[in-house]
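# Overview (structure and organization)
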There are 2 protein chains.
Amino acid sequence: MISKNRISQIRKLHAKKFRDESGLFLVEGYKSVEMLCASDFEVEEIFATENALTDNAVWLSSLSPTLVTAEEMSRISTMQTPPELLAIALQRQSLPDIPAEQPVLALDHISDPGNLGTIIRTADWFDIQHIVCSPDCVEFYNPKVIQATMGSFTHIHVHYRSLPEFLKQESTYRRILGTFLGGEDIRRFEFNRNDILVIGNESNGISAEVASTVTRRITIPTAAQGRDTAESLNAAVAAAVVMFRMTGC
Amino acid sequence: MISKNRISQIRKLHAKKFRDESGLFLVEGYKSVEMLCASDFEVEEIFATENALTDNAVWLSSLSPTLVTAEEMSRISTMQTPPELLAIALQRQSLPDIPAEQPVLALDHISDPGNLGTIIRTADWFDIQHIVCSPDCVEFYNPKVIQATMGSFTHIHVHYRSLPEFLKQESTYRRILGTFLGGEDIRRFEFNRNDILVIGNESNGISAEVASTVTRRITIPTAAQGRDTAESLNAAVAAAVVMFRMTGC
């Protein structure tokens, strides 16, 4: 059972303002809730439909979920097709330090939640465990970001910091790579284990201030010759292709 | 000026049924309309706001656009933030044959329009000019697909065919590659110029019937060792990483 008051409390978490104030966030769908429960995130409450309980009786019953109707679920969920499972969890209070010997991804004003979520999922696959977002990136706890990570939000540490400051500091002992047209071809570029890779905004690329901290400019070459081609790659796709090369054996 | 009747005609094109019946589709936003006009697609009508006319007077006036108010644009557009420019164009009546010596992408039940659009954009970048979609893939002329291609819908030929049939036929003279867990590592795999790459559904991967036509199983290895990682990559990301290797010099 869930009260009307509780429903409206949960619906408030659809908005960043209330997520910030409460320090809570929503996790929706089987896979994401399953990975949430297997992680060190603290879970406040889990809501399950009858269907979810029937399909996952053993696993779910140990979590004492609150039973809701499909209609109640559709009210508390942010998804167009409401999930069978939804959890409220506590945002992390602190993040581990960024190790000097590990690769890092720096995101300069990534604004699409699907892109940020996909980048986090891909970073997880390629073992880049720390991502530093500029303050104007979309919020990590946005439900669409969490959704698009497919559970990888539990594995990857996403920091929010002023990028020019952070990158200037880091550049004293490691390289800052940025993707630009006309840079060095990533097929032949020799990556170092602890490079930082900067990915720019979907429309405007890397901002001038951040660009000035980049120590090596790299490029994913187009294969098309002698014809008009795409002018650029999607930000999550570009990030993925470079991460593939960066973390390659 | 645009009549109420015309507005409701255009709004019908938001639905696949009416796109199919009329053979028309919508193109929204500066970049996409610009690339549409530079292509061999036949354009039926262009709608522009006052803003668009002010910003692009020279280019636009040669196209004799219909002037609409911002409010009218928001009614005919499918976008949450309505564009300044929208065009109605004719769907292609026919597509060129698929050359035997070129690489091809085969998409098995890609259902997310953003993924299909991003895959088309990436294929354009890596010069894979023919994509064969299974009939249950999302529709090429879906406005969200067109949008996500960022204009590459004008460069790439997207066919819809039964994949098992098409792939069986093609496999008599070229290889059919499919991405699976535990396949050959793409970092060391030797690609041929005319390989066909199969990408599977976002949740279920490559279907059993299509999988039976695959002649080589390949894998994008995860870089993470000794910890839980993402279980898979986003379909558009996986396609991009393999295309990068496939079309590499």
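Our subject in this report is the structure included herewith. (Residues numbered from 1 in each chain as written. Chains lettered and ligands numbered in written order. Predicted model: local features only at pLDDT ≥ 70, side-chain atom pairs only at ≥ 80, totals over all residues. Heavy atoms only, no water.)

### Notes on the sheet that holds strand 10 (residues 216–219) of chain A
Residue and element names in this part refer to chain A. Using the following cut-off: If DSSP finds at least two bridges between two strands, the strands pair. Strands are runs of DSSP state E lasting at least two residues, helices are runs of H or I lasting at least four, and both sets are numbered from the N terminus onward. All axes are obtained by fitting lines to C-alpha atoms, using only the stretch in contact for helices, and the reported angles, taken between N-to-C directions, cover 0 to 180 degrees.
Pairing is parallel in the open sheet, where six strands are placed in the order 7-6-5-9-8-10. Across the chains shown, the open sheet's two edge strands, defined by having one partner strand only, are strand 7 (157–160) and strand 10. When strand polarity is set aside, the average angle formed by the axes of neighbouring strands in this sheet is 35°. Strand direction decides the pairing type here: strand 6 (residues 130–133) and strand 7, joined by four bridges, are parallel. Directly across from histidine 130, in strand 7, lies its bridge partner histidine 157.

### Some details on the relation of the copies chain B and chain A
Counted only if it meets this: A least-squares superposition brings the copies together, and it is based on the C-alpha atoms of residues with pLDDT no lower than 70 in both. Contacts are assigned to residue pairs that have any heavy atoms within 4.5 Å of one another.
Placing chain B over chain A gives an RMSD of 0.0 Å and needs a rotation angle of 180°, together with 0.0 Å of translation along the axis. The symmetry that links the two subunits is that of a two-fold axis. By residue overlap, the copies meet face to face through one surface: 100% of the interface positions of chain B are interface positions in chain A.

### Some points on helix 11 (residues 235–246) of chain A
Cut-off, in case you're wondering: Residue count minus one, scaled by 1.5 Å, sets the expected span of a helix. Exposure classes here rest on a 1.4 Å probe applied to the protein chains alone. A residue is buried below 20% of its type maximum, exposed above 50%, and partly exposed in between.
Across its twelve residues, helix 11 of chain A extends 16 Å between first and last C-alpha, which sits within 8% of the 16 Å expected from 1.5 Å per residue. All buried positions along helix 11 of chain A are accounted for by Ala235, Ala236, Val237, Ala238, Ala239, Ala240, Val241, Val242, Met243, Phe244 and Met246 of chain A.

### Some remarks on the packing of aromatic side chains
Centre-to-centre distance and the angle between the planes together describe a pair of aromatic rings. All names here are of chain A. To be explicit about the condition: Two rings from Phe, Tyr or Trp (for Trp, the six-membered ring) form a pair when their centres sit within 6.5 Å of each other. Planes less than 30 degrees apart are called stacked, planes more than 60 degrees apart edge-to-face, and all others tilted. Geometrically, a lysine NZ or arginine CZ counts as sitting over a ring once it is within 6 Å of the ring centre and also within 35 degrees of the ring normal.
Taken as a whole and assessed by the stated rule, the structure comprises 15 aromatic pairs over all chains. With centroids separated by 5.7 Å and ring planes inclined at 50°, the aromatic side chains of phenylalanine 41 and phenylalanine 153 adopt a geometry described as tilted. In this pair, phenylalanine 41 sits in the loop between helix 3 (30–37) and strand 2 (43–48) while phenylalanine 153 sits in the loop between helix 8 (143–148) and strand 7, placing the two residues 112 residues apart along the sequence. We classify phenylalanine 41 as buried; its relative accessible area is 6%. Over the ring of phenylalanine 180 we find arginine 217; its NZ or CZ atom is 3.8 Å from the centre of that ring.

### So, the interface of chain B and chain A
Our working rule: Buried area: the accessible surface (1.4 Å probe) lost by two parts on joining, summed over both. The working definition used for a salt bridge is a side-chain nitrogen of Lys or Arg within 4 Å of a carboxyl oxygen of Asp or Glu. Any N or O atom pair separated by 3.5 Å or less is treated as a polar contact, with the protein-specific requirement of one donor-capable and one acceptor-capable atom, and with residues adjacent in sequence counted only for side-chain atom pairs. Residues are sorted three ways: Asp, Glu, Lys and Arg are charged, Ala, Val, Leu, Ile, Met, Phe, Trp, Tyr, Cys and Pro are nonpolar, and all the rest, Gly among them, are polar.
Listed as interface residues are 37 residues of chain B and, on the opposing side, 37 residues of chain A. Carbon and sulfur atoms make up 60% of the area that chain B and chain A hide from each other, which totals about 3,400 Å². Three residues stand out in chain B for area buried against chain A, namely Trp125, Arg187 and Phe244 of chain B, and they jointly supply 24% of the buried area on that side. Run the count over chain B and chain A and you get six salt bridges. Connecting chain B to chain A are 24 residue pairs in polar contact (both at pLDDT 80 or more). Examining the composition of the side of chain B that touches chain A, we find that six residues originate from one element, helix 11 (residues 235–246) of chain B, more than from any other. Considering only residue class, the side of chain B that touches chain A consists of 17 nonpolar, eleven polar and nine charged.

### Describing the pattern of salt bridges
Residues and elements named next belong to chain A. Following the criterion strictly, the structure yields 26 salt bridges over all chains and no others. The partner of arginine 216 in a salt bridge is glutamate 184, with the nearest N and O atoms 2.7 Å apart. In this pair, arginine 216 is assigned in strand 10 and glutamate 184 in strand 8 (residues 176–185), connecting sequence segments 32 residues apart. Residue classification places arginine 216 among the partly exposed positions, given a relative accessible area of 29%.

### What about the environment of threonine 149 of chain B?
All names here are of chain B. Within the secondary structure, threonine 149 sits in the loop between helix 8 (143–148) and strand 7 (157–160). It is 26 Å that separates the C-alpha atoms of threonine 149 and asparagine 192, two residues lying 43 residues apart in sequence. With residues near it in sequence (within four places) discarded, threonine 149 still touches Gly117, Ile120 and Arg121.

### Digging into the side chain of asparagine 142 of chain A
Mapped onto the secondary structure, asparagine 142 of chain A falls in the loop between strand 6 and helix 8. A distance of 2.8 Å separates a polar side-chain atom of asparagine 142 of chain A from the backbone nitrogen of lysine 144 of chain A.

### Remarks on the environment of proline 221 of chain B
Of note, proline 221 of chain B is situated in the loop between strand 10 (216–219) and helix 11. Here proline 221 of chain B falls in the buried class, since its relative accessible area comes to 18%. Each C-alpha atom of the pair proline 221 of chain B and valine 198 of chain B lies 17 Å from the other, and the pair is 23 residues apart in sequence. Among all residues touching proline 221 of chain B, those that are not within four sequence positions of it are Trp125 and Phe126 of chain A together with Asp185, Ile186 and Arg187 of chain B.

### Some points on the packing of helix 11 of chain A against helix 11 of chain B
Put simply, the test is: An angle counts as roughly parallel when it lies under 35 degrees, as roughly antiparallel when it exceeds 145, as roughly perpendicular when it falls between 65 and 115, and as oblique in every other case. Take the far helix as your reference; a near helix turned counterclockwise from it by less than a right angle gives a left-handed crossing, and one turned clockwise gives a right-handed crossing.
Two numbers describe how helix 11 of chain A lies on helix 11 of chain B: the axes approach to 9 Å, and their chain directions differ by 55°. Between helix 11 of chain A and helix 11 of chain B, the interaxial angle falls into the category oblique. Crossing of helix 11 of chain A over helix 11 of chain B shows right-handed handedness. Residue-level contacts link Ala236, Val237, Ala240, Val241, Phe244 and Arg245 of chain A of helix 11 of chain A to Ala236, Val237, Ala240, Val241, Phe244 and Arg245 of chain B of helix 11 of chain B. Its residues assigned to classes, the contact of helix 11 of chain A with helix 11 of chain B shows ten nonpolar, no polar and two charged.

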